[in-house]
Amino acid sequence: METWFFFILGGTALLAAINVVAQSRVFYSALSLILCLVALSGLYLLLEAPFIAAVQIIVYAGAIMVLFLLVIMLLDPFSAQLIRDKRKYLSYLGIILAAAVLIFLYRFLQTYEPTMAPKTSTPVMGGVGSPGNLGRVLFSEYLLPFEMTSVLILIAIIGAVVLARRRP
Amino acid sequence: MDIHYYLILSALLFVVGAAGVILKKNVISIFLCIELMLNLDQVHGQIFVFFVMVVAAAEAAVGLAITIALYRHRGTLNVDDADLMKW
């Protein structure tokens, strides 16, 4: 049963991802990416990470993709759709490079052992993926990275406002 | 369910995103592919998923601001037209 769910969700995610690349209109590309993200959040549920799955839908499929769609609709959608590449050889080069990276990654991932993954020293209560446990680890062991990401977000906000401002 | 299946799936999706970055000519398409790639290293380690999501959100905000500024200055979204720094 779990295997079936994995193949259905994974296949959906993969096809949606290929559609993101193959689509010539940016708007459909973004919609396809949303489908891919939703399928991935289903995979998180299979991995027993319900909180991550919810955050994936709320933050990624909700906030970030709405931002993308807003910008796509704000800028001229018709000029965006008409951009075509004259140099055909570049696309073959891209596919060859992607296949090379895939072969390299496959050989690397085959030797991967799950026991080598970093473990947290905080005791686990009520399932690894439970929100309470995640929050406990986040605010004790990973407090410094957490505070640094808030500074990073502040910098990104200021940078985005400065960059997108209309010059007087 | 073996963890290797998840790893192979994320490698596949990552490669699709990487190919998209090379193939596309539209700035927004390239951003979408970068988002796709950022999503796929997340299958292991739940705390790190958070940090990757935060960085992706910050990257999306700044990237879209750059896109708007580029469109305002050049009137196009084709990356080949933004070649001022290309020698």
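Preceding block: the structure.
Because the structure is predicted, anything quoted here is derived from the model rather than measured. (Residues numbered from 1 in each chain as written. Chains lettered and ligands numbered in written order. Predicted model: local features only at pLDDT ≥ 70, side-chain atom pairs only at ≥ 80, totals over all residues. Heavy atoms only, no water.)

Attention now goes to the overall build of chain A. A tally of regular secondary structure across chain A gives seven helices and zero strands. Each helix (α) and strand (β) of chain A, taken in turn from the N terminus, gives the series α-α-α-α-α-α-α. Taken across its 168 residues, chain A has 33% of its residues classed as buried. Across chain A, contacts joining residues at least 24 apart in sequence account for 49% of those joining residues at least 6 apart. (Helix = DSSP H or I, 4+ residues; strand = E, 2+ residues; numbered from the N terminus. Buried < 20%, exposed > 50% of the residue type's maximum accessible area, 1.4 Å probe, protein only. Contact = heavy atoms within 4.5 Å.)

Time to look at the interface of chain A and chain B. It is common to give the size of an interface as the accessible area that goes away when the parts come together. With 77 residues of chain A at the interface, the matching set in chain B holds 60 residues. Of the roughly 6,200 Å² buried between chain A and chain B on both sides combined, carbon and sulfur atoms contribute 81%. The tally of links from chain A across to chain B stands at zero salt bridges. Where chain A touches chain B, the interface holds one residue pair in polar contact (both at pLDDT 80 or more). For the side of chain A that touches chain B, the secondary-structure elements that each account for two or more residues are α1 (2-22), α2 (26-46), α3 (50-74), α4 (77-81), α5 (89-110), α6 (131-140) and α7 (143-164) of chain A. Here the side of chain A that touches chain B is built from residues that sort into 58 nonpolar, twelve polar and seven charged. (Buried area = accessible area lost by both parts, 1.4 Å probe. Salt bridge = Lys/Arg side-chain N within 4 Å of Asp/Glu carboxyl O. Polar contact = N/O pair within 3.5 Å; in protein donor to acceptor, adjacent residues only side chain to side chain. Nonpolar A, V, L, I, M, F, W, Y, C, P; charged D, E, K, R; others polar.)

The biggest cluster of nonpolar side chains holds 49 residues, and the ones touching the most others in it are Cys36(A), Leu43(A), Ile52(A), Met65(A), Phe68(A), Leu32(B) and Ile47(B). Residue assignment for this core shows that the elements contributing at least two residues are α1, α2, α3 and α6 of chain A together with α1 (3-23) and α3 (46-74) of chain B. (Core = buried A, V, L, I, M, F, W, Y, C linked by side-chain atoms within 4.5 Å.)

Residues Ile153(A), Leu154(A), Ile157(A), Ile158(A), Val161(A) and Val162(A) make up a contiguous nonpolar surface patch of about 520 Å² in total accessible area. When you line up the elements, Ile158(A) lands in helix α7. (Patch = residues over 30% accessible without salt bridge, like charges linked within 9 Å, V, L, I, M, F, W, Y side chains within 5 Å. Areas by Shrake-Rupley, 256 points an atom, 1.4 Å probe, with all protein chains shown as cover.)

Axis separation between α3(A) and α3(B) bottoms out at 11 Å; the angle between their running directions is 5°. On the basis of their axis angle, the class for α3(A) and α3(B) is roughly parallel. In contact with Phe51(A), Ile52(A), Val55(A), Gln56(A), Tyr60(A), Ile64(A), Leu67(A), Phe68(A), Val71(A) and Leu74(A) of α3(A), α3(B) contributes Gln46(B), Val49(B), Phe50(B), Met53(B), Ala56(B), Ala57(B), Ala60(B), Ala61(B), Leu64(B) and Ile68(B). Broken down by class, the residue content of the contact of α3(A) with α3(B) amounts to 18 nonpolar, two polar and no charged. (Axes fitted to C-alpha atoms, helices over the stretch in contact; angles between N-to-C directions. Parallel < 35°, antiparallel > 145°, perpendicular 65-115°, else oblique.)

This model, assessed by the stated rule, comprises four aromatic pairs over all chains. Geometrically, the ring pair formed by Phe27(A) and Tyr28(A) is edge-to-face, given 6.5 Å between the ring centres and 70° between the ring planes. Residue classification places Phe27(A) among the partly exposed residues on the basis of a relative accessible area of 31%. Taken together, a centroid distance of 6.4 Å and an interplanar angle of 55° make the contact between Tyr142(A) and Phe51(B) tilted. Taken together, the positions of Tyr142(A) in the loop between α6 and α7 and Phe51(B) in helix α3 put the pair across two chains. For Phe51(B), a relative accessible area of 13% puts it in the buried group. (Phe/Tyr/Trp six-rings, centres within 6.5 Å; stacked < 30°, edge-to-face > 60°.)

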